[in-house]
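# Examination of the molecular architecture
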Amino acid sequence: MLKAIGLRSVDDLFAPIPAEYRLNRDLKVPRQLAESEIVDFFRERSRENGEGYTSFLGAGAYAHYRPVIIDSLISRGEFLTAYTPYQAEISQGTLQSIFEFQSMICELTGMEVANASMYDGSTAAAEAVMMAVRLTGRRSVVVARSLHPEYREVLATYATHQGMPLTVTGFGDDGRLNLEELEMSITAETGCVLIQSPNFFGTIEDVASIAEITHNKGAMLVVSIAEAVSLGIVEPPREADVIAMEAQSLGVPLGFGGPYCGVIATREKFVRQMPGRLVGQTVDKQGRRGFVLTLATREQHIRREKATSNICTNQALVALMVNIFMTVYGKVGLRELAKQNLAKTAYAAGEFAKHGKILFGGAPRFNEFVVQTSEDSKAINRRLLEHRIVGGLPLKKFYPELGNAALWCSTELTTRSAIDGAVGLLHERPAQAAKERPAQEKEKKEEAAEVAR
Amino acid sequence: MKHLTRKASLQVNQNEGLIFEKSSPGKAAWKLPPLDVPEVDTVKLLGASERKDLGSMPEVSEIEIIRHFTRLSTWNYAIDLGMYPLGSCTMKYNPRVNEAVARVEGIANGHPYQPEIISQGALRILKMLSEQLIEITGMDAITLQPAAGAHGEMTGLLMVRAFHQSKGNARKKILIPDSAHGTNPATAAMVNYAVENLKSDPRGMVDLAALEAQMNEDVAALMLTNPNTLGVFEQDIHKIADILHAKGGLLYMDGANMNALVGKVRPGDFGVDVMHLNLHKTFSTPHGGGGPGSGPVAIKKILEPFVPTPVLVTNPDGTLAFDYNRPQSVGRVRAFYGNFGMFVRALAYIQANGPDGLRQTTEDAVLNANYIRKGLEGTYDLPYSTPTMHEVVFSDKLQAKKGVRTMDIAKRLIDYGFHPYTTAFPLIVPGALMIEPTESESVEEMDLFIEAMKSIAEEVEEDPQTVLDAPHSTRVSRLDETAAARKPVLRWKPVV
């Protein structure tokens, strides 16, 4: 090949790079590994990563069963190793599946249009807020304190340089948004209100009332949904103007936090301000049905600095997992699945109530609940961990006002015996071993730093 | 058409409607275990919040689902079928061991909030990948949090802004060459910087005199792709960095084309202050039909205080942990820690290559692009004769005389069994054909590609209409994009 090009050595190809910058040594990375060594390496890491533990964690990342056909199908090279479907004639597989995804997300959320996906629920929420601000021309944003704390942090990052002031609005004793406080928080400058339902505590919000208050003041309502399985049995927030969802719980592995699948859904009249890729139906020269990427004039590769967002790559393969999951469970299965989550959680909350206080009992919840204890949540979790159980998420770091509280989650995969086992360990309180103290002190310092911020 | 049969031939493929059109009541592909806790009264638990109906969600059987998606899959072109020479997209082979290790139990199912003490495996993966990417780029620190290239750009510019702000002046604008990706200006806007375009010189490189003239204390950074989108290495890169640094500006490198540099030259050594990588380009994680990507951002020491939270740290006892207490951080750009599954794959890729393999990958990628350039030079117009790195940009100047444009040639390439190259980009080349073969292609596959391109050029001379009407062999012919945009149909609706 070198001869064909008329060169003597490979180094000639790199002649355009000034000699003083060329790397004249090996990169300091480990030597080449054989495939068997790579597999061994990751199996080893897997063993150091919670393999075989029973977990009660949710908080924006949910453990649901993933039907095996999801991985069989997404592993097909034609899906796995294709690019963004710009060349429609040889991308109809990806395009039709995205069209089906958009359609099912509409059915599930009660909205009229949905995009092809966003990075995740947190960035989808931030982008949905920016969209609402563009639509209303009013720049300030009211954010529920019961929105996932990390989603709030992401929104704060995005908002900083957009000139979008954020106001946080609190929750009441039932865990739902405090409606009086909400009403006072919305001003003539408020472009939108961002809430989550089921919210971070698993409590289902009174979306209709929130929407009424919000709309009466001329603002838009953006609803974030982090637990999409809830939509099998919980009425979708149809009164919202924009829905920003994390679809991870529909067939996407927990994967230590990613990749997940965000998606934005809204009303037809707002579609031209929606960020992200969109697939539309059309016809070819012979009148046959086909699908294309459409409304690209919103996007960065056409509009450059005037685009609705800089988003380019989305989460197509993860959206395909979600698509297959929704197809497997379908109209009846999604309801039955959600119902099992509801039943497990009702049972778990009942059992935990025997040894701790269940907060926010006054409102409906889906598959999460907050348990307040006299003992420190982290101390409880350390005890559970010895029995290979991962307890609920300690909330002190995010909500110090709730005292010793933790957010517990149970799904269809949580067995009754696991719940009984965890509850049994909850009230047991052995003397703290001396060796645990340094770790606790470090945690206390971290918490103090968090609270200070 | 004379070479058509060498690469591809026609084959029957299955028709398949939308999944909704196969649905009928009573069909199911799911089964739940018996409930081991008491049944609940949903009305009592949920009241008005209970959903009564799931509308038109489908009801189908498992074999129907398998056939549905398998049939759809056969309508796609993919790297697994052949060369996918999309310039600037780096469509290289996606090793299957990466997929296998990403599905190992503890790696696939680790919860992001599980205690750090039982997350050491995941944290070790984050640490190793971070260290190796820092070594590969020659930078000082890295954040893995951004979910894609454009997200990395945003993160990088947030850090640039925070850096300038810490010096008392956030500055006003970003310089962007006219050859840049569209994400660059869109990102600058998201971080509230004005965009100022920078002209290229006759070699297709940054015009130093123009840069000198446009550089002042209002400029926060220059966003530069290197090699640039013409596949040309910016030879004056250090002078560019010097001009920026002299006025307090920073050099941002879009790492989209890093596949031309790994193991041969390091951006950190030629003056770059901040850059993003695309793990789904250079580091072989699959594109998946448009994601998931991953866009780590590597930085020099001066930007380290501003990286997104949390930051991975090593405890005195050697265990790994996240540090959330970073007062100068730009904040979070994503929930949790980034697209972890992509980190696993990228690390496996680096392991499978080692230092020798990484170097050779780059050499092969550049060699392949030059082989294609040599093979097609003369047949297609080469607007810039500057040496080519990993991709080569031709123009349709010769074929345009017959009324055939780059998109037509691209569509005809489909009939020859190839995915088209990137069309009409970069914007500085009218009618661009941007070809990036990557290291994955054998000389046999590239010869077929060169033959196909030459055959199309002949067709343009002899029978341009065949090219203008292409593709001829696909399930659907060219689709009406104007109608799609004018009256958008973005979802299926039940027929009432």
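Residues numbered from 1 in each chain as written. Chains lettered and ligands numbered in written order. Predicted model: local features only at pLDDT ≥ 70, side-chain atom pairs only at ≥ 80, totals over all residues.

## Regarding the overall build of chain B
The secondary structure content of chain B amounts to 16 helices and 12 strands. Compactness check: chain B gives a C-alpha radius of gyration of 25 Å against a globular reference of 23 Å for 496 residues, within 12% of the reference. C-alpha atoms of chain B, sized along the principal axes, occupy 75 × 65 × 45 Å. In chain B, which comprises 496 residues, the proportion classed as buried is 56%. The long-range fraction of contacts in chain B, counting pairs at least 24 apart against all pairs at least 6 apart in sequence, stands at 72%. (Helix = DSSP H or I, 4+ residues; strand = E, 2+ residues; numbered from the N terminus. Rg over C-alpha atoms; globule rule 2.2 N^0.38 Å. Buried ≥ 20, exposed ≤ 12 C-beta atoms within 10 Å, placed from the backbone. Contact = placed C-beta atoms within 7 Å.)

## Comments concerning the packing of helix H6 (residues 92-109) of chain A against helix H3 (residues 62-73) of chain B
The geometry of a pair of packed helices is captured by two quantities: the angle between their axes and the separation between those axes. Between H6 of chain A and H3 of chain B, the shortest axis-to-axis distance is 7 Å and the interhelical angle comes to 135°. It follows that H6 of chain A is oblique to H3 of chain B by the angle criterion. Counted together, Gly93, Gln96 and Ser97 of chain A of H6 of chain A and Phe69, Leu72 and Ser73 of chain B of H3 of chain B form the full contact between these two elements. Here the contact of H6 of chain A with H3 of chain B is built from residues that sort into two nonpolar, four polar and no charged. (Axes fitted to C-alpha atoms, helices over the stretch in contact; angles between N-to-C directions. Parallel < 35°, antiparallel > 145°, perpendicular 65-115°, else oblique. Nonpolar A, V, L, I, M, F, W, Y, C, P; charged D, E, K, R; others polar.)

## Some remarks on helix H10 (residues 207-216) of chain A
Residue and element names in this part refer to chain A. Within the span of H10, buried status applies to Val207, Ile210, Ala211 and Thr214. With its buried residues spanning 100° around the axis, H10 presents them on a single face. Of the surrounding secondary structure, the elements contacted by the buried residues of H10 are helix H9 (179-185), strand E5 (190-196) and strand E6 (220-225). Following H10 by one or two positions, glycine 218 adopts a phi angle in the positive range, close to 80°. (Arc of directions from axis to C-beta.)

## Quick look at the packing of helix H6 (residues 120-137) of chain B against helix H11 (residues 340-376) of chain B
All names here are of chain B. Their axes nearest at 10 Å, the elements H6 and H11 cross at an angle of 55°. Put simply, H6 runs oblique to H11. By crossing handedness, the relation of H6 to H11 is classed as left-handed. Taken together, the residues of H11 that come into contact with H6 (itself represented by Ala122, Ile125, Leu126, Met128, Leu129 and Gln132) are Phe340, Phe343, Val344, Ala346, Leu347 and Ile350. Of the residues assigned to the contact of H6 with H11, the class counts are 11 nonpolar, one polar and no charged. (Left-handed = near helix turned anticlockwise from the far one by under 90°.)

## Things to note about helix H3 (residues 35-47) of chain A
Across its 13 residues, H3 of chain A extends 19 Å between first and last C-alpha, which sits within 8% of the 18 Å expected from 1.5 Å per residue. Along H3 of chain A, the positions that sit buried rather than exposed are Ile38, Phe42, Arg45 and Ser46 of chain A. One face of H3 of chain A carries all of its buried residues, which in axial projection span an arc of 105°. The elements touched by buried residues of H3 of chain A are helix H4 (96-102), helix H5 (105-108), H6 and H11 of chain B. (Expected span 1.5 Å × (residues − 1).)

## Some details on the sheet that holds strand E15 (residues 405-409) of chain A
All names here are of chain A. With antiparallel pairing, the four strands of this open sheet are ordered in space as E11-E12-E15-E14. The open sheet has two free edges, formed respectively by strand E11 (357-358) and strand E14 (393-394), since each of these has just one partner strand. Bridging between strand E12 (residues 368-372) and E15 involves five bridges; their strand directions are antiparallel. Residue pairing for E15: glutamine 372 is matched across the bridge by alanine 405. Here helix H12 (residues 316-352) sits on the sheet and contacts E11, E12 and E15; the angle it forms with E12, its principal contact strand, is near 5°. (Pairing = 2+ DSSP bridges.)

## Re the pairing of strand E9 (residues 320-323) of chain B
All names here are of chain B. Bridge analysis of strand E8 (residues 311-314) against E9 gives four bridges, and the strand direction is antiparallel. The residue bridging valine 311 from the neighbouring strand is aspartate 323, located in E9. Where E8 folds back onto E9 in an antiparallel hairpin, the turn is made up of five residues, including glycine 318, whose phi is positive at roughly 90°.

## A word on the interface of chain A and chain B
In this assembly, 155 residues from chain A lie in contact with 163 residues from chain B. At 23 residues, the largest contribution of residues to the side of chain A that touches chain B is made by H12 of chain A. A class-by-class count of the residues in the side of chain A that touches chain B yields 74 nonpolar, 47 polar and 34 charged.

## Description of the domain arrangement of chain A
Residues and elements named next belong to chain A. According to the domain assignment, chain A contains domain 1 (54-63 + 331-436 + 446-452) and domain 2 (69-326). For domain 1 versus domain 2, the separation of C-alpha centres amounts to 28 Å. Contact residues are listed per partner, giving 24 residues for domain 1 and 24 residues for domain 2. For the side of domain 1 that touches domain 2, the secondary-structure elements that each account for two or more residues are H12 and E12. Of all the elements, H12 adds the most residues to the side of domain 1 that touches domain 2, at seven residues. Classifying every residue of the side of domain 1 that touches domain 2 by side-chain character gives 16 nonpolar, four polar and four charged. (Domains from an automatic or database assignment.)

## What about unusual backbone geometry?
In the segment running from glycine 258 of chain A into proline 259 of chain A, the intervening peptide bond is cis, with an omega of 0°. Within the secondary structure, proline 259 of chain A is located in the loop between strand E7 (242-246) and strand E8 (262-266). That bond from threonine 309 of chain B to proline 310 of chain B is cis: its omega, -5°, falls within 30 degrees of zero. Within the secondary structure, proline 310 of chain B sits in the loop between strand E7 (297-299) and E8. Positive phi outside glycine occurs at alanine 59 of chain A, with the angle close to 55°. Here alanine 59 of chain A falls in the buried class, since 26 other C-beta atoms lie within 10 Å of it. Even without being glycine, asparagine 192 of chain B reaches a positive phi, approximately 60°. Following the sequence through the fold, asparagine 192 of chain B ends up in the loop between helix H8 (183-190) and strand E3 (194-198).

## Re the domain arrangement of chain B
Residues and elements named next belong to chain B. Each assigned domain of chain B is listed with its residue range as follows: domain 1 (4-73), domain 2 (98-350) and domain 3 (364-482). Between domain 2 and domain 3, the C-alpha centre-to-centre distance is 31 Å. Opposite the 14 residues of domain 2 that make contact, domain 3 presents 16 residues. Grouping the amino acids of the side of domain 2 that touches domain 3 by side-chain chemistry returns five nonpolar, seven polar and two charged.

## Some details on the confidence of the model for chain A
When pLDDT is averaged along chain A, the result is 93, and 94% of the positions lie at 70 or above. pLDDT under 50 marks residues 431-438 of chain A. Its contacts with residues more than four places away, or in other chains, come to one contact. (pLDDT = per-residue confidence, 0-100.)

## Some thoughts on the environment of valine 371 of chain A
All names here are of chain A. Tracing the chain through its elements places valine 371 in strand E12. For the pair valine 371 and asparagine 404, spaced 33 residues apart in the sequence, the C-alpha separation amounts to 8.3 Å. Ignoring any residue separated from it by four or fewer positions in sequence, one finds valine 371 in contact with Phe352, Gly356, Ile358, Gly392, Ala405, Ala406 and Trp408.

## Things to note about the environment of alanine 188 of chain A
Residue and element names in this part refer to chain A. Within the secondary structure layout, alanine 188 lies in the loop between H9 and E5. Owing to 9 C-beta atoms within 10 Å, alanine 188 belongs among the exposed residues under this scheme. For the pair formed by alanine 188 and alanine 219, sequence separation is 31 residues and the distance between their alpha carbons is 8.3 Å.

## Quick word on the sheet that holds strand E11 (residues 422-423) of chain B
Residues and elements named next belong to chain B. Strand order in the open sheet formed by three strands is E10-E12-E11, with antiparallel pairing between adjacent strands. Whereas interior strands pair on both sides, the edge strands pair on one side only; in this sheet they are strand E10 (392-395) and E11. Sheet topology note: the E10/strand E12 (residues 432-435) ladder contains four bridges and is antiparallel. When the bridges of E12 are listed, serine 395 appears paired with alanine 432.

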